[in-house]
Amino acid sequence: MPLLEVDFARNPHPVDMIENVANANDWAFERTGDDEISISVAGHWTDYHVSFSWMEDFEALHLACAFDIKVPETREVEVMRLLSIINEQMLFGHFDLWEQEGAIMFRQALLLSGGAEPTNQQVETLLTSALEACECYFQAFQFVVWSGTSAHDALAAVLFETQGNA
């Protein structure tokens, strides 16, 4: 229960800011309502399906970024192990397994309590950090799901530092 209830009018709507960023980057998007927008973004490894939702009750702009990997039931435990290891390393946001769909997604939120308005830079940083996290770990998820690799081995295969110059 909030200590003080104040109704702030938001102008522009936080999802309008997302639409502006999508337009500026020539990304395909669909506005499914006043409080939601879906964007398709081509990544290096796969295409990402990004959904932004304005959650009025929490005054938060929620981002969910999914990619096309279906987790079979036989690999769920190892994927959960990988999610746990990856999420330990995350400073912002986290990966989830949506069991109903067998889909992996990255989720994060921007809190805008007290009537705060998002800036273009905040919105771009929110989206960029989500896409960078997905690009960084996508192959590890592929290794676990498609080739039966363990979570630790998959992560070691994608997180390595090169030394020297070619």
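Note that the structure is a prediction, hence the values are computed from the model and not measured.

Colleague: Where do I start with the overall build of the protein in this structure?
Modeller: The secondary structure content of the protein amounts to four helices and six strands. In the protein, which comprises 166 residues, the proportion classed as buried is 42%. Element-wise, carbon and sulfur atoms account for 50% of the exposed surface of the protein, whose accessible area totals about 10000 Å².

Colleague: Would you mind showing me how to read a negative patch on the surface here?
Modeller: A cluster of acidic side chains, namely Asp34, Asp35, Glu36, Glu56 and Asp57, defines a negative patch on the protein surface. Checked against the element boundaries, Asp57 lands in the loop between strand E3 (47–55) and strand E4 (60–70).

Colleague: Can you walk me through the pattern of salt bridges in this structure?
Modeller: Oppositely charged side chains can pair when the atoms bearing their charge come close. Here the structure, examined in full by the defined rule, presents four salt bridges. Linking Arg31 and Asp16 is a salt bridge whose minimum nitrogen-to-oxygen distance equals 3.0 Å. Within this pair, whereas Arg31 is found in strand E1 (residues 28–33), its partner Asp16 is found in helix H1 (residues 14–24), the two being separated by 15 residues in sequence. As a salt-bridge pair, Glu19 and Arg31 come within 2.6 Å of each other at their nearest N and O atoms. In this pair, Glu19 is assigned in helix H1 and Arg31 in strand E1, connecting sequence segments 12 residues apart. Here Glu19 falls in the partly exposed class, since its relative accessible area comes to 23%. Assessed through its relative accessible area of 27%, Arg31 is described here as partly exposed.

Colleague: Any chance you could explain unusual backbone geometry here in plain terms?
Modeller: Trans peptide bonds make up most of the peptide bonds, and negative phi angles are found at most residues other than glycine. Even without a glycine there, the phi angle at Asp26 is positive, about 55°. Structurally, Asp26 is set in the loop between H1 and E1. For Asp26, a relative accessible area of 72% gives the class exposed. With phi around 50°, Glu59 is a residue other than glycine that occupies positive phi space. With respect to the helices and strands, the residue Glu59 is situated in the loop between E3 and E4.

About the criteria used
- Residues numbered from 1 in each chain as written.
- Predicted model: local features only at pLDDT ≥ 70, side-chain atom pairs only at ≥ 80, totals over all residues.
- Heavy atoms only, no water.
- Helix = DSSP H or I, 4+ residues; strand = E, 2+ residues; numbered from the N terminus.
- Buried < 20%, exposed > 50% of the residue type's maximum accessible area, 1.4 Å probe, protein only.
- Areas by Shrake-Rupley, 256 points an atom, 1.4 Å probe, with all protein chains shown as cover.
- Patch = residues over 30% accessible without salt bridge, like charges linked within 9 Å, V, L, I, M, F, W, Y side chains within 5 Å.
- Salt bridge = Lys/Arg side-chain N within 4 Å of Asp/Glu carboxyl O.
- Lys, Arg positive; Asp, Glu negative; His and termini not counted.
- Charge placed at Lys NZ, Arg CZ, Asp CG, Glu CD.

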